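These are the residues of each chain, in order.
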Amino acid sequence: MPHWTQLVADKKQRQLKSIPQEWLVSPPPDSTLDVTSFPETCGLLTAREIEITNTSVDVLLEKLACGEWTAVDVTTAFYKRAVVAHQLINCLTEIFVDRALARAAELDDHFKQIGKVVGPLHGLPISLKDQLCIKGLETTMGYVSWIGRYAEKNAVLVDILIECGAVPFVRTNLPQTVMWPESFNNIFGRTTNPHNRSLTPGGSSGGEGALVALKGSPLGVGSDIGGSIRIPSSFCGLYSLRPSYGRVPYCGALNSLEGQDSVHSVFGPMTNSVGGVKAFMKAVVNAKPWLKDPLAVRKKWHEDEYNLVDHGSGKDLCFAIMWDDGVVVPHPPIRRSLEITKAALEKAGHKVVDWKPIKHRLLADTTRNIWNAASSEDYMMTTSATGEPIIATMELDDSDATAAPFRPKKIGITAYQLWQAQKLRRDIRKEYLDHWEATSSETGTGRPVDAIICPASSYAATPHGKNRYTNYTTVWNALDYPATTFPVTTVNPTLDAKKPRRVFYDDFDKGIYEMYDPEIFKNAPVCLQLVGRTLEEEAIIKMTEIVDGALATAK
């Protein structure tokens, strides 16, 4: 077998050849950090293509459904912008232009002949994280050992998206193992944040986050086992949803830690509007994924739940704000975004109370113990075929690396020890359920708190290699609570000055405080999470719309 570096060189060469030569541009120098305006000024996109790529998912679907825009025109526009984005931030893995345009042409022919759309996502280009298998294409998931493995069939979710009329058109970058909150691997390298290329887009769905932020895709599919949809969405300024286990089908996709059946990874949407989140979820769950994936939950889109029948029909909601998790205090921009959101909701007539977190440190540690029971062996077995090194840091300079607390130790644990970790997590889930139910005494609505609003991270997008704390997202995976992200503001060095602190939870909390410098984080987006209860996807989408509307009105 060739040395692993030769396999990488060949794969990179094939990737480069897949880009149409006429779509190559001259990117700005590395010293240009904010590249968000470049796609519209580089000269490649026509005025109409700029208009198409700046259009929200809802409006795109309307224009495609009435025939005003063709699937070929929309796919071409986003493909060109995606390829420009790739040249700026290195976000793509698989590029298959002819195949995607042929699919779009089929949809246009169907529309011309029948006058109707194929399905609710007719003509919509959708980008996919490099775990979602597409028949005939390689899916490496950032592992050199998986170069040359061509999928014999689509993942179930890909089949469902195609059935709904979508056009899968690119696949996106992620970290080796997918168990990192940043995006770097030995094949495709590092993805950067388009708002500031010295910062990470997050991970593990960082290629999706960066691409959608540059409007190189109207909607991307990421995966999330500990925050991997919500972290890149919050670092890149996007709306997203981490649904409950089984709401979106996972069958036929690749993953790490397969067989770890306690804290599941889930697929969900990442997009530039909350309407895009709704369109994706409604289409996918109404396609009856449980008939194709035995682990998919049998639950179609429930319009009454979306209309908040269990939450007072959306009148006089009570939100709880979690200011910090009792482990790490968020940086000033995160605190300011919570204050902005609280004020906007109160102005809109909703009640806001404080959320008291319980056992977040223990819950996150227990979750990592479950993952790491055999993760080192999993990574070793996968990489052993080629001998590629297992990446130990996301730092730019290895000599500056410190071990991230979420990385596995060399030795796993016994089956009995794993059972004890899973039992502890089960018991904490019951405690958390009771804790949430008990809030009915303080809401004034006769109901428990309708949703929690909290940080998606303790900071905005960090310099590469510095994203070392994921508990703000991971706890909700452990509890299986669905959560959205929504943008609030951006880091402003004047408004977000560093404030002195004398009291810290511990040295780790102090270290997170000390890494904050408003100039380093300047211009980074700031998003928050909205968290609901298990299988409440419809309700939290609606509540995110309400919060988003309140923020827009208060501006």
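Here is what the cut-offs are and how they apply
- Residues numbered from 1 in each chain as written.
- Predicted model: local features only at pLDDT ≥ 70, side-chain atom pairs only at ≥ 80, totals over all residues.
- Heavy atoms only, no water.
- Helix = DSSP H or I, 4+ residues; strand = E, 2+ residues; numbered from the N terminus.
- Buried < 20%, exposed > 50% of the residue type's maximum accessible area, 1.4 Å probe, protein only.
- Pairing = 2+ DSSP bridges.
- Patch = residues over 30% accessible without salt bridge, like charges linked within 9 Å, V, L, I, M, F, W, Y side chains within 5 Å.
- Areas by Shrake-Rupley, 256 points an atom, 1.4 Å probe, with all protein chains shown as cover.
- Salt bridge = Lys/Arg side-chain N within 4 Å of Asp/Glu carboxyl O.
- Phe/Tyr/Trp six-rings, centres within 6.5 Å; stacked < 30°, edge-to-face > 60°.
- Lys NZ or Arg CZ within 6 Å of the ring centre and 35° of its normal.

1. A look at unusual backbone geometry
Thought 1: Cis rather than trans, the peptide bond between Gly203 and Ser204 has omega equal to 5 degrees.
Thought 2: Relative to the assigned elements, Ser204 resides in the loop between strand 5 (189-190) and helix 8 (206-213).
Thought 3: At Thr177, a position not held by glycine, the phi torsion is positive, near 80 degrees.
Thought 4: Along the chain, Thr177 falls in the loop between strand 3 (167-172) and strand 4 (184-185).
Thought 5: Although it is not a glycine, Leu535 sits at a positive phi angle of roughly 65 degrees.
Thought 6: The class of Leu535 is partly exposed, set by a relative accessible area of 27%.

2. What about helix 17 (residues 471-479)?
Thought 1: Of all nine residues that make up helix 17, nine are buried, and the element is covered over most of its length.
Thought 2: Listed in full, the buried residues belonging to helix 17 are Asn471, Tyr472, Thr473, Thr474, Val475, Trp476, Asn477, Ala478 and Leu479.
Thought 3: Following helix 17 by one or two positions, Asp480 has its phi on the positive side, about 60 degrees.

3. Here's the deal with the pairing of strand 7 (residues 239-242)
Every other side chain in a regular strand lies on the same face of the sheet, so the side chains alternate between the two faces.
Thought 1: Of the two faces of strand 7, the one carrying Tyr239 and Leu241 and the one carrying Ser240 and Arg242 are both buried.
Thought 2: Sheet topology places strand 7 next to strand 8 (residues 266-271); two bridges connect them, and they run antiparallel. Bridge pairing in strand 8 places Tyr239 opposite Thr271.
Thought 3: Pairing of strand 7 with strand 12 (residues 483-490), which is carried by three bridges, proceeds in the antiparallel orientation. Its bridge partner lying in strand 12, Arg242 is registered against Ala483.

4. Focus: a nonpolar patch on the surface
Thought 1: A cluster of nonpolar side chains, namely Met380, Met381 and Ile390, defines an oily patch on the protein surface of about 300 Å² accessible area.
Thought 2: With respect to the element layout, Ile390 can be found in the loop between helix 14 (375-383) and helix 15 (415-437).
Thought 3: Since its relative accessible area comes to 36%, Ile390 is described here as partly exposed.

5. So, the packing of aromatic side chains
Thought 1: If you walk through the whole model with that rule in mind, you get 16 aromatic pairs.
Thought 2: Judged by centre distance (5.1 Å) and plane angle (65 degrees), the rings of Tyr143 and Trp146 are edge-to-face. The residues Tyr143 and Trp146 share a single accessibility class, namely buried.
Thought 3: Among the aromatic residues, those joined into a ring-pair cluster are Trp355, Tyr432, Trp436, Trp476 and Tyr481.
Thought 4: The ring of Trp69 is capped by Lys63, whose NZ or CZ atom sits 5.0 Å from the centre of that ring.

6. Regarding the pattern of salt bridges
Thought 1: As enumerated under the stated definition, the model contains 30 salt bridges in all.
Thought 2: Through salt bridges with shared partners, a single network forms among Asp10, Lys11, Arg14, Glu94 and Glu138.

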